[in-house]
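Coordinate analysis (summary)
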Amino acid sequence: VFAALTAVGALLRLLGEAAWLPTLLRDGRYVTWTAVDASSARATLRIGGREVTATFHFSEDGLLARFTAERFRDEGGRGVLAPFTAVELDRAEPW
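Here goes a summary of the coordinates provided. (Residues numbered from 1 in each chain as written. Predicted model: local features only at pLDDT ≥ 70, side-chain atom pairs only at ≥ 80, totals over all residues. Heavy atoms only, no water.)

1. Brief notes about the sheet that holds strand 4 (residues 64-75)
Strand order in the open sheet made by the five strands is 1-2-3-4-5, with antiparallel pairing throughout. In this open sheet, the two strands that pair with only one neighbour each are strand 1 (31-37) and strand 5 (78-87). Taken over all neighbouring pairs, the strand axes of this sheet differ in orientation by 25° on average, direction set aside. With six bridges joining them, strand 1 and strand 2 (residues 40-47) adopt antiparallel strand pairing. Of the residues in strand 2, the one forming a bridge with Thr 34 is Arg 42. (Pairing = 2+ DSSP bridges. Helix = DSSP H or I, 4+ residues; strand = E, 2+ residues; numbered from the N terminus. Axes fitted to C-alpha atoms, helices over the stretch in contact; angles between N-to-C directions.)

This is the structure we're talking about:
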């Protein structure tokens, strides 16, 4: 079970980091898109029989602002889905 959760976590990371290599995000063999609203879209990545889904949120200027998903975390030795958000660094609040 742990290996399967790790594989799903790795795919979710790949999907989020694909913003740095957007040609992957346009490849319909692996990624499908569904509009959520005027400023966000849900992407589903399918590789090797596994699939993950996350939402990309865009700013008014069309740039990626946030990436949200449900991600497994360890809770007492078992994997539990929890909300996960990544903020584009250029848009993050200063430390």
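Back to the write-up after that little detour.
2. Quick notes on the pairing of strand 3 (residues 50-58)
With eight bridges joining them, strand 2 and strand 3 adopt antiparallel strand pairing. If you follow Leu 45 over to strand 3, its bridge partner there is Val 52. Here strand 2 folds back onto strand 3 in antiparallel fashion, the turn holding two residues, of which Gly 48 has a positive phi close to 55°. Taken together, the five bridges between strand 3 and strand 4 define a ladder with antiparallel strand orientation. In the strand pairing of strand 4, Thr 55 is matched with Thr 68.

3. Focus: the pairing of strand 5
Of the pairings in the sheet, the one linking strand 4 to strand 5 comprises ten bridges and is antiparallel in character. Considered in strand 5, the bridge of Glu 75 is made with Arg 78. Hairpin connection, strand 4 to strand 5: the antiparallel pair is bridged by two residues, and Gly 76 has positive phi, about 65°.

4. Concerning the packing of aromatic side chains
In this structure the tally under the stated criterion is two aromatic pairs. Ring geometry for Trp 33 and Phe 56: centres 5.2 Å apart, planes at 55°, overall tilted. Taken together, the residues Trp 33 in strand 1 and Phe 56 in strand 3 connect sequence positions 23 residues apart. When its relative accessible area of 2% is taken as the criterion, Phe 56 is described as buried. A connected cluster of aromatic rings, assembled from ring pairs, spans Trp 33, Phe 56 and Phe 67. Taking the ring centre of Phe 84 as reference, the NZ or CZ of Arg 71 above it sits at 4.8 Å. (Phe/Tyr/Trp six-rings, centres within 6.5 Å; stacked < 30°, edge-to-face > 60°. Buried < 20%, exposed > 50% of the residue type's maximum accessible area, 1.4 Å probe, protein only. Lys NZ or Arg CZ within 6 Å of the ring centre and 35° of its normal.)

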